[in-house]
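The chain contents come next:
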Amino acid sequence: MEETLKTYYAKPNEVEREWVLIDAKDQILGHVAVKAATILKGKHKPQYTPHVDTGDFVVIVNADKVQLSGTKAAKKEYFRHSGYPGGLKSETFAEAMQKHPERVIEHAVKGMLPKNTLGRAMGKKLKVYAGPDHPHAAQQPREIKMGE
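Residues numbered from 1 in each chain as written. Predicted model: local features only at pLDDT ≥ 70, side-chain atom pairs only at ≥ 80, totals over all residues. Heavy atoms only, no water.

Labelled according to an unreviewed UniProt entry, the protein appears under the name Large ribosomal subunit protein uL13, originating from Cryptobacterium curtum. For the protein, the Sequence similarities (unreviewed entry) comment in UniProt is given as "Belongs to the universal ribosomal protein uL13 family." Turning to the protein, the UniProt record has this under Subunit (unreviewed entry): "Part of the 50S ribosomal subunit." (UniProt positions renumbered as here; feature names shortened; annotations may be inferred.)

### Observations regarding the packing of aromatic side chains
Under the counting rule described, the total for this entry stands at 1 aromatic pair. Judged by centre distance (4.4 Å) and plane angle (5 degrees), the rings of Trp19 and Phe57 are stacked. Remark: Phe57 occurs in strand E2 (residues 57–61) and Trp19 occurs in strand E1 (residues 19–23); sequence separation between them is 38 residues. (Phe/Tyr/Trp six-rings, centres within 6.5 Å; stacked < 30°, edge-to-face > 60°. Helix = DSSP H or I, 4+ residues; strand = E, 2+ residues; numbered from the N terminus.)

### Observations concerning the pairing of E2
In terms of burial, E2 is largely enclosed, as 4 of its 5 residues are buried. Relative to E2, E1 runs parallel, the two being bridged by 5 bridges. What sits directly across from Leu21, in E2, is Val59. Note that the unit made of E1, helix H1 (residues 29–41) and E2 has a crossover that is right-handed. In this sheet, strand E5 (residues 126–128) lies alongside E2 in parallel orientation, the contact comprising 3 bridges. In the sheet register, Val59 faces E5, and the bridge partner there is Lys127. (Buried < 20%, exposed > 50% of the residue type's maximum accessible area, 1.4 Å probe, protein only. Pairing = 2+ DSSP bridges. Right-handed = clockwise from strand over helix to strand, strands pointing away.)

### A short note on the nonpolar core
With 29 residues, the main nonpolar core has Ile22, Leu29, Val58, Ile60, Ile105 and Val109 as its most contacted residues. Those elements that provide at least two residues to this core are E1, H1, E2, helix H3 (93–99), helix H4 (101–110) and E5. The greatest single-element share of this core, amounting to 7 residues, is contributed by H1. Once residues within four sequence positions are removed from consideration, Ile22 is found in contact with Val32, Lys35, Ala36, Ile39, Val58, Val59, Ile60, Val61, Ile144 and Met146. (Core = buried A, V, L, I, M, F, W, Y, C linked by side-chain atoms within 4.5 Å. Contact = heavy atoms within 4.5 Å.)

Printed below as a string of structure tokens:
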């Protein structure tokens, strides 16, 4: 008699979340963003389920020391539009890093998450800080190296 295999689906109330710390110092922006998005989605866990938020909380420190490869630092631009005629605003990567380095990483990570309610819930678990300090010491985040 054959044994039938069952597919496991994670249920939202059964998900165990942990806190992960990523140090972005001297790392490439895209590599940090991919790592963070993977953890936020929960794809690093065996119980990953596409329609359930199985991801962990991610704390990124030293956002002001993140780098870009090649000549992108001079060429990369961020655009936003007010919705009015002539309302297109742009700023370079260097200007964005001077004003708000946290938003540069948030923008890169959120672009890698689903564009729906589930993706917005995943985005709320991302905490980015410009310096080496963060207020989440009580959660005892596990530091991970970028090579892992």
